[in-house]
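Chain and residue survey
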Amino acid sequence: MVVLMQLVMSTFLIWKTQRNIDCNNQVFCFLINKLHKNLAGNKDSVFVSLEDDFQTIFMKTAVVNLADKNEDDQASLGEIRENSVKYLREMFALLDANNDNFLVEDECTIHNVSFSEIQKAVTTIFKIFDQNRDEEISTEDFPNKESFDLNKDRIVTLNEVIKKASDGRVSNIIFLPRPFQTLINKLDSIRDEK
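The structure reproduced in this document is the subject of the present report. (Residues numbered from 1 in each chain as written. Predicted model: local features only at pLDDT ≥ 70, side-chain atom pairs only at ≥ 80, totals over all residues. Heavy atoms only, no water.)

**Some thoughts on the pattern of salt bridges**
What counts, and what does not: Definition used for salt bridges: Asp or Glu carboxyl oxygen within 4 Å of a side-chain nitrogen of Lys or Arg. Using a 1.4 Å probe on the protein chains alone, a residue whose accessible area is under 20% of its type maximum counts as buried, one over 50% counts as exposed, and one in between counts as partly exposed.
For the structure on display, the rule yields three salt bridges. We note a salt bridge from Lys60 to Asp52, for which the minimum N-O separation is 2.8 Å. You can call Lys60 buried: its relative accessible area is 8%.

**A short note on the packing of helix α3 (residues 54–67) against helix α5 (residues 115–129)**
The condition that has to hold: Think of each axis as a best-fit line through the C-alpha atoms, taken over the contacting stretch in the case of a helix, with angles from 0 to 180 degrees between the N-to-C directions. Secondary structure elements follow DSSP: runs of H or I of four or more residues count as helices, runs of E of two or more count as strands, with numbering from the N terminus. If an angle is under 35 degrees, it is roughly parallel; if it is over 145, roughly antiparallel; if it lies from 65 to 115, roughly perpendicular; otherwise it is oblique. Handedness of a crossing is defined here by the sense of rotation of the near helix relative to the far one, left-handed for an anticlockwise turn of less than a right angle and right-handed for a clockwise turn. Pairs of residues are marked as contacts when any of their non-hydrogen atoms sit within 4.5 Å. Polarity classes work like this: nonpolar for Ala, Val, Leu, Ile, Met, Phe, Trp, Tyr, Cys and Pro, charged for Asp, Glu, Lys and Arg, and polar for all others, with Gly in that last group.
Closest axis-to-axis distance for the α3/α5 pair is 8 Å, and the angle between their directions is 130 degrees. Taken together, the axes of α3 and α5 are oblique relative to one another. Regarding α3 and α5, the two cross each other, and that crossing is right-handed. Of the residues in α5, those in contact with Phe58, Ala62, Asn65 and Leu66 of α3 are Thr124, Lys127, Ile128 and Phe129. Classifying every residue of the contact of α3 with α5 gives five nonpolar, two polar and one charged.

**Notes on the packing of α3 against helix α4 (residues 77–95)**
Close contact between α3 and α4 brings their axes to 9 Å; oriented N to C, the two are set at 75 degrees. Overall, the two elements α3 and α4 adopt an arrangement that is roughly perpendicular. Side by side, α3 and α4 meet where Val63, Leu66 and Ala67 of the first sit next to Glu79, Ile80, Asn83 and Tyr87 of the second. The residue inventory of the contact of α3 with α4, partitioned by class, reads five nonpolar, one polar and one charged.

**Some points on the nonpolar core**
The tendency in soluble globular proteins is for nonpolar side chains to be buried as a group. The condition that has to hold: Only buried Ala, Val, Leu, Ile, Met, Phe, Trp, Tyr and Cys residues count toward a nonpolar core, and they belong to the same one when joined by side-chain atoms within 4.5 Å.
In terms of nonpolar packing, the biggest core is built from 12 residues, these being Phe28, Ile32, Leu39, Ala40, Val46, Val63, Val64, Ala67, Ala75, Ile80, Val85 and Leu88. Counting residues per element, the ones that place at least two in this core are α2 (27–40), α3 and α4. Broken down by element, this core gets its largest block of residues, four residues, from α2. In this view, Ala40 contacts Ser45 and Val46; residues no more than four positions away in its chain are not counted. Counting six residues, the second largest nonpolar core, distinct from the first, contains Ile162, Val170, Leu176 and Ile184.

**Focus on unusual backbone geometry**
Here Asn99, not a glycine, exhibits a phi torsion of approximately 55 degrees, which is positive. Mapped onto the elements, Asn99 comes out in the loop between α4 and α5. The class for Asn99 is exposed, based on a relative accessible area of 60%. Residue Asp167 is not a glycine yet carries a positive backbone phi of 55 degrees. Assignment of secondary structure puts Asp167 in the loop between α6 (158–165) and α7 (178–187). Given a relative accessible area of 64%, Asp167 falls into the exposed group.

**So, the packing of aromatic side chains**
How we decide: Within 6.5 Å between ring centres, the rings of Phe, Tyr and Trp (the latter by its six-membered ring) count as paired, and their orientation is classed by plane angle as stacked under 30 degrees, edge-to-face over 60, tilted in between.
Scanning the entire structure with this criterion turns up one aromatic pair. Taking the centre distance of 5.5 Å and the plane angle of 50 degrees together, the rings of Phe58 and Phe129 count as tilted. Here Phe58, found in helix α3, pairs with Phe129, found in helix α5; they are 71 residues apart in sequence, far enough to count as distant. What makes Phe129 partly exposed here is its relative accessible area of 41%.

**Describing α4**
Formally: A helix is expected to span 1.5 Å for every residue after the first.
Here α4 is 19 residues long and its end C-alpha atoms lie 27 Å apart, about the 27 Å a rise of 1.5 Å per residue gives. Along α4, the residues that are buried comprise Glu79, Ile80, Arg81, Asn83, Ser84, Val85, Tyr87, Leu88, Phe92 and Leu95.

Put into structure tokens, the structure is as follows:
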């Protein structure tokens, strides 16, 4: 693990100092270029198209939400690279408990992670799932949410999502195991199923 993280960090440092060269022979830079190419296709930026499938819309929206610095609802390769480096640094800092810029196996545990680092990680995860950027995670964040609207009333409820996701095997929240019901009740405290 230590060798892998050192390789990733050295790749990042090389890319950071030589960003104007073709970096496809560097692991981290190659992966970022590949992500951009897969999501953007022949375009210069990643942007959401309603013609994409559910998973692609979700991935593109997450990348745009995390990387779009100039708020033009698209993410250029430069924006993706810059933000990837930022998130890589944050991930490394999360694992580097003693801040010596090296990772060893015994410090890469959850016990060594500070509350503020966990808070940053949760905030990033929130940005990924808050697809419509309204500061809350709800059924409104589903791409192609109309496919979940089983009764065609233009409102997607949690019961409809569960029924659709389970291929009709679970028709209501009450049929879920108790731990799931408890989690849903905590997440949806006002019980509006959004």
